[in-house]
Amino acid sequence: MKLREIIETLQATVVVNDHDQEMVVERACGSDLMSDVLSKLKPKALLLTGLTTPQSVYTAEMADLSVVCYVRGKKPDAETVRLADERGLVLLCTSLPMYESCGRLYRRGLKGDSEA
Amino acid sequence: MKDSDLNGTLQTPPTQEMIYELRVQQAMTRHVITVAPEETMEDVSRVLEENRHTGMPVIKWQKMVGIVSVRDLMRCFREGRSLQPVSQWMSKDVATLYADEPLIHAVQKFERRGFGRFPVIDRKTKALVGILTKVDIIRCLLRNLEIDYHDLESRQYIPTKWFSELDCDRTTLSFRYHIDGANFEKAGEVSSKLKHNLQALGLPPDAIRRIAIASFEAEVNLVIYTKGGELAARVEPGKVTVSVVDDGPGIPDVERAMQPGYSTAPDWVRELGFGAGMGLPNIKNCTNEMKLESKVGEGTNLQFTVFT
């Protein structure tokens, strides 16, 4: 799914790095536990999370994820945004809760991590 | 970019070299739109407009008998003869290119003759196999430049190259970092730096990813549980070994600590997205070898290896 479609689907706002809206995201997962994300999620994925600390960006960086979207209207702090900006990582914010964010994307065909 | 700088100043530019090496058949468009000599000039006008072309070969019995272009069309329309057959207006003297000619011949011919396109024929059978325009040449060069650039990029910074060229029995490159305890704001910074360095060395992305994830988990453990320590990565041909050492408090039950889900982390750690008992199992899963030694009151020594 393209970044543009993800933004539309989640009615999300872009916090930083929206230069390539045609970028393709292959899968997604929703979690507030970074170790779960690090243990499973494949590269080029979207992470939906309520965790807005710098570790959300570090997690994305280590696991080669492309996009992090903060759910439930949470906003990352300045340090988190600076880190993402430096790394070219796309940060999004949506006011939708976690379950609805996941559901909307899944309904539009964005795969989960256990699917081929 | 060291390689390319050298190439750029000491040798001929890559485009110039390419134009001698590439053949017409690599640049031409294979799908040729043609017209029969008995069709009308009105038909020609319609087909050209539909395909946004400015000219096309005229074919009879699978043989090229001429070429008709917008210029012929203009002459014909000016005289109000748009219903006349193509054969009346086409140019019969057709300049062609052979499919196996070097692209430089085509470039020279374009300059000399001022035509917009050349039909391309097979040297033996003389059958029409394609058509070549200046745009086709530009596209082909760009495509090949891109391939060249990717080749160059992937050949760069390969440690095994300069590693293996160093004259000694065994070469090792090591990175050392200090990790602050309890400074959660910075947890991840060291692994980020390490990952960046490994990328600069040109190691395989999958191996880098696994090293980065394992290092990050180990770094977070140090920040959560200890007063700090040291992370050292040793890069050798074929593998990267990371050791993470601290001096306390130590793990009372290593076996239990290795079980997924087992955690002694306080709540504040969980609120920060860690401490769910997946750290050590994660490290084990994404590395090829892992060794964990710990003594309560003395400290912990974790070592893992990822094959590259």
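Our structure's up above, just so we're on the same page.
Since this is a predicted model, take the numbers as computed values, not measurements.

Rules and cut-offs
- Residues numbered from 1 in each chain as written.
- Chains lettered and ligands numbered in written order.
- Predicted model: local features only at pLDDT ≥ 70, side-chain atom pairs only at ≥ 80, totals over all residues.
- Helix = DSSP H or I, 4+ residues; strand = E, 2+ residues; numbered from the N terminus.
- Buried ≥ 20, exposed ≤ 12 C-beta atoms within 10 Å, placed from the backbone.
- Pairing = 2+ DSSP bridges.
- Axes fitted to C-alpha atoms, helices over the stretch in contact; angles between N-to-C directions.
- Contact = placed C-beta atoms within 7 Å.
- Parallel < 35°, antiparallel > 145°, perpendicular 65-115°, else oblique.
- Left-handed = near helix turned anticlockwise from the far one by under 90°.
- Core = buried A, V, L, I, M, F, W, Y, C linked by C-beta atoms within 7 Å.

Considerations on the environment of Val24 of chain A
Residues and elements named next belong to chain A. Its location among the elements puts Val24 in the loop between β1 (13-16) and β2 (27-30). In this structure Val24 comes out as exposed when scored by C-beta crowding, with 11 C-beta atoms within 10 Å. For the pair formed by Val24 and Ser66, sequence separation is 42 residues and the distance between their alpha carbons is 9.1 Å.

Comments concerning the sheet that holds β2 of chain A
All names here are of chain A. As summarised here, the arrangement of the five strands in space is β1-β5-β4-β3-β2, forming an open sheet in which the pairing is mixed. Since the sheet does not close on itself, it has two edges, and those belong to β1 and β2, each with one partner. Each adjacent strand pair in this sheet contributes to an overall mean axis angle of 25°, direction not counted. Relative to strand β5 (residues 90-93), strand β4 (residues 67-70) runs parallel, the two being bridged by four bridges. Counted as the bridge partner of Val67 is Val90 from β5. Across the sheet, helix α5 (residues 98-107) is in contact with β2, β3 (45-49) and β4; its angle to β2 comes to roughly 165°.

Side note on the packing of helix α4 (residues 41-51) of chain B against helix α5 (residues 70-78) of chain B
The packing of two helices is summarised by the inter-axis angle and the distance between the axes. All names here are of chain B. Running from N to C, α4 and α5 point in directions that differ by 135°, and their axes come no closer than 10 Å. In terms of axis orientation, α4 runs oblique to α5. You can see that α4 and α5 cross each other, and the crossing is left-handed. Residue-level inspection shows Met41, Val44, Ser45 and Leu48 of α4 in contact with α5, the latter providing Val70, Leu73 and Cys76.

Looking at the sheet that holds strand β6 (residues 173-180) of chain B
Strand pairs in the sheet, formed through backbone hydrogen bonds, run parallel or antiparallel to each other. All names here are of chain B. With respect to topology, five strands assemble into an open sheet ordered β6-β7-β8-β10-β9, the strand pairing being antiparallel. Either end of the sheet is taken by a strand with one partner, and the two such strands are β6 and β9 (289-295). The mean angle between the axes of side-by-side strands here comes to 10°, regardless of whether they run parallel or antiparallel. The pairing of strand β8 (residues 239-246) with strand β10 (residues 299-307) spans eight bridges and is classified as antiparallel. Within β10, the position partnered with Val242 by the bridge is Phe304. Along the sheet, helix α9 (residues 189-200) contacts β6 and β7 (228-236); its crossing angle with β6, the most-contacted strand, is approximately 165°. Across the face of the sheet, helix α10 (residues 205-225) comes into contact with β6, β7, β8 and β10 while running at roughly 0° to β8.

Considerations on the nonpolar core
Of all hydrophobic cores here, the largest spans 67 residues; its most connected members are Leu46, Leu47, Val67 and Cys69 of chain A. In terms of residue count, the dominant contributor to this core is α10 of chain B (12 residues). With sequence-adjacent residues up to four places away left out, Leu47 of chain A is seen in contact with Cys29, Val37, Leu41, Ala60, Leu65 and Val68 of chain A. In terms of nonpolar packing, the next biggest core, distinct from the first, is built from 13 residues, Ala27, Phe118, Ile131 and Cys140 of chain B among them.

Description of the interface of chain B and chain A
With 19 residues of chain B at the interface, the matching set in chain A holds 18 residues. Only α9, α10 and α13 (279-285) of chain B provide two or more residues apiece to the side of chain B that touches chain A. By residue number, the principal contributor to the side of chain B that touches chain A is α10 of chain B, which donates five residues.

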